[in-house]
Amino acid sequence: MTFDVDWGGEGTTFDPACTLLNASGNEIKVIRNGTTSGTFTGLTRYTKYYIRGYASNSAGGGYTSNVEVWTDPENPTINKPTVSNIGRLTATVTPGVVTDDGGKTITEVETYIKGGAFGNTLHSIGKGTSAKNVSGLEPNTTYQVITRATNGITESYSAYESFTTIGNPPTITDLYAKDITTTNATIVYTATYDHNASFEKFVVQWRYPGSSTWTTLSTSNSKIVNVSNLNTDIIEYRITVTD
């Protein structure tokens, strides 16, 4: 950290100087460069110091009174937030962790979201460092979250973290049986689902009317399933979804 000083002086001066003192009043640096201005360097961020000027002429020398000065804090450093428990309409956002307060205690942490119905405008999802449960999201939609931290004087934003909500459950249509014989049949169906949905397995089952037991034919996403070795002219079949 640095700051410039100009301690003035009128008339003919000899050996002008400016002294930097710490908060306890101990001298730590002196500028004596033949002029009445200079720069202190190598200082600690957000720290109290005192400066005191000195000048002399043919009548003698004198000091100014001590002047209190503070160096500025730096911008905080903060990691990007993390996202967990991502569902269709909800997600949990944990604010980014402040790794450097810039030299002054952090006074506020706030996390924001954008995307979907929020548009490109940052929308606060809460202050503080605890995890935030975000609701009202849309399926199969990409959002971005970001955390801001301030030490009361300077502030910083983390990098963005992106996530995409789970898509809607699949829609099953065109369910029918074909190639029916006395002992065999082929079950055909059409299933569509959002590309980000976690539903990828379609369980095809059948049973005889009145039975409480369903027999699983397939747990893949194949859309054509054969059933064989039947011993009645009527069966029931259904499609369910697993994730």
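Treat the numbers as computed from the prediction; the structure is a model and nothing was measured. (Residues numbered from 1 in each chain as written. Predicted model: local features only at pLDDT ≥ 70, side-chain atom pairs only at ≥ 80, totals over all residues. Heavy atoms only, no water.)

Draft legend 1. Representation of the sheet that holds strand 22 (residues 224–227) within the structure. Read from one edge of the open sheet, three strands run 18-19-22, paired in antiparallel fashion. The sheet is open, and its two edges are formed by strand 18 (171–178) and strand 22, each paired on a single side. Direction aside, the axes of adjacent strands within the sheet are offset by 20° on average. As judged from the four bridges shared by strand 19 (residues 185–192) and strand 22, these two strands associate in the antiparallel manner. Bridge pairing in strand 22 places V188 opposite I224. (Pairing = 2+ DSSP bridges. Helix = DSSP H or I, 4+ residues; strand = E, 2+ residues; numbered from the N terminus. Axes fitted to C-alpha atoms, helices over the stretch in contact; angles between N-to-C directions.)

Draft legend 2. Inspection of the nonpolar core at higher detail. Formed by A185, I187, Y189, A191, F202, V204, W206, V225, V227, L230, I235 and I239, the largest nonpolar core amounts to twelve residues. Those elements that provide at least two residues to this core are strand 19, strand 20 (201–207) and strand 22. Residue contributions to this core peak at four residues, all from strand 19. V83, V93, L137 and V145 belong to the second-largest nonpolar core, a separate cluster that totals ten residues. (Core = buried A, V, L, I, M, F, W, Y, C linked by side-chain atoms within 4.5 Å. Buried < 20%, exposed > 50% of the residue type's maximum accessible area, 1.4 Å probe, protein only.)

Draft legend 3. Representation of the side chain of Q205 in the model. Secondary-structure assignment places Q205 in strand 20. Engagement of the side chain of Q205 in a polar contact is seen with the side chain of T216, the distance being 3.3 Å. Here R238 takes part through its side chain, which lies 2.9 Å from a polar atom of the side chain of Q205. Ignoring anything within four residues of it in the chain, the contact list for Q205 reads W214, T215, T216, L217, E236, Y237, R238 and T240. (Polar contact = N/O pair within 3.5 Å; in protein donor to acceptor, adjacent residues only side chain to side chain. Contact = heavy atoms within 4.5 Å.)

Draft legend 4. Just the packing of aromatic side chains, in detail. Across all of its chains, the model carries six aromatic pairs by this definition. A ring pair is formed by F118 and Y143, whose centres lie 6.3 Å apart and whose planes are at 65°; its orientation type is edge-to-face. Taken as a pair, F118 in the loop between strand 12 (108–114) and strand 13 (123–127) and Y143 in strand 15 (residues 142–150) lie far apart in primary sequence, 25 residues in all. Geometrically, the ring pair formed by Y143 and F163 is stacked, given 5.6 Å between the ring centres and 25° between the ring planes. Of this pair, Y143 sits in strand 15 while F163 sits in strand 17 (residues 161–164), placing them 20 residues apart in sequence. In this pair, the class of Y143 matches that of F163, namely buried. Connected via pairs of aromatic rings, a cluster forms that spans F118, Y143 and F163. Across from the ring centre of Y63, 4.9 Å away, lies the NZ or CZ of R52, which sits over that ring. (Phe/Tyr/Trp six-rings, centres within 6.5 Å; stacked < 30°, edge-to-face > 60°. Lys NZ or Arg CZ within 6 Å of the ring centre and 35° of its normal.)

Draft legend 5. Seen up close, the pattern of salt bridges. Applying the stated criterion across every chain yields a total of eight salt bridges. Between E110 and R148 there is a salt bridge whose closest N-O contact spans 3.0 Å. In this pair, E110 is assigned in strand 12 and R148 in strand 15, connecting sequence segments 38 residues apart. Across the pair E236 and R207 runs a salt bridge whose closest N-O atoms are separated by 2.8 Å. With a gap of 29 residues between them, E236 in strand 23 (residues 236–242) and R207 in strand 20 connect regions that are remote in the sequence. When its relative accessible area of 30% is taken as the criterion, E236 is described as partly exposed. (Salt bridge = Lys/Arg side-chain N within 4 Å of Asp/Glu carboxyl O.)

Draft legend 6. Up close: the pairing of strand 10 (residues 91–94). Inspection of the sheet shows strand 9 (residues 82–84) paired to strand 10 by three bridges, in the antiparallel sense. Paired with S84 across the two strands is T92, which belongs to strand 10. What sits between the antiparallel neighbours strand 9 and strand 10 is a turn of six residues, in which N85 has the positive phi angle 50°. In this sheet, strand 14 (residues 132–134) lies alongside strand 10 in antiparallel orientation, the contact comprising three bridges. Across the sheet, residue A91 finds its bridge partner in strand 14, namely V134.

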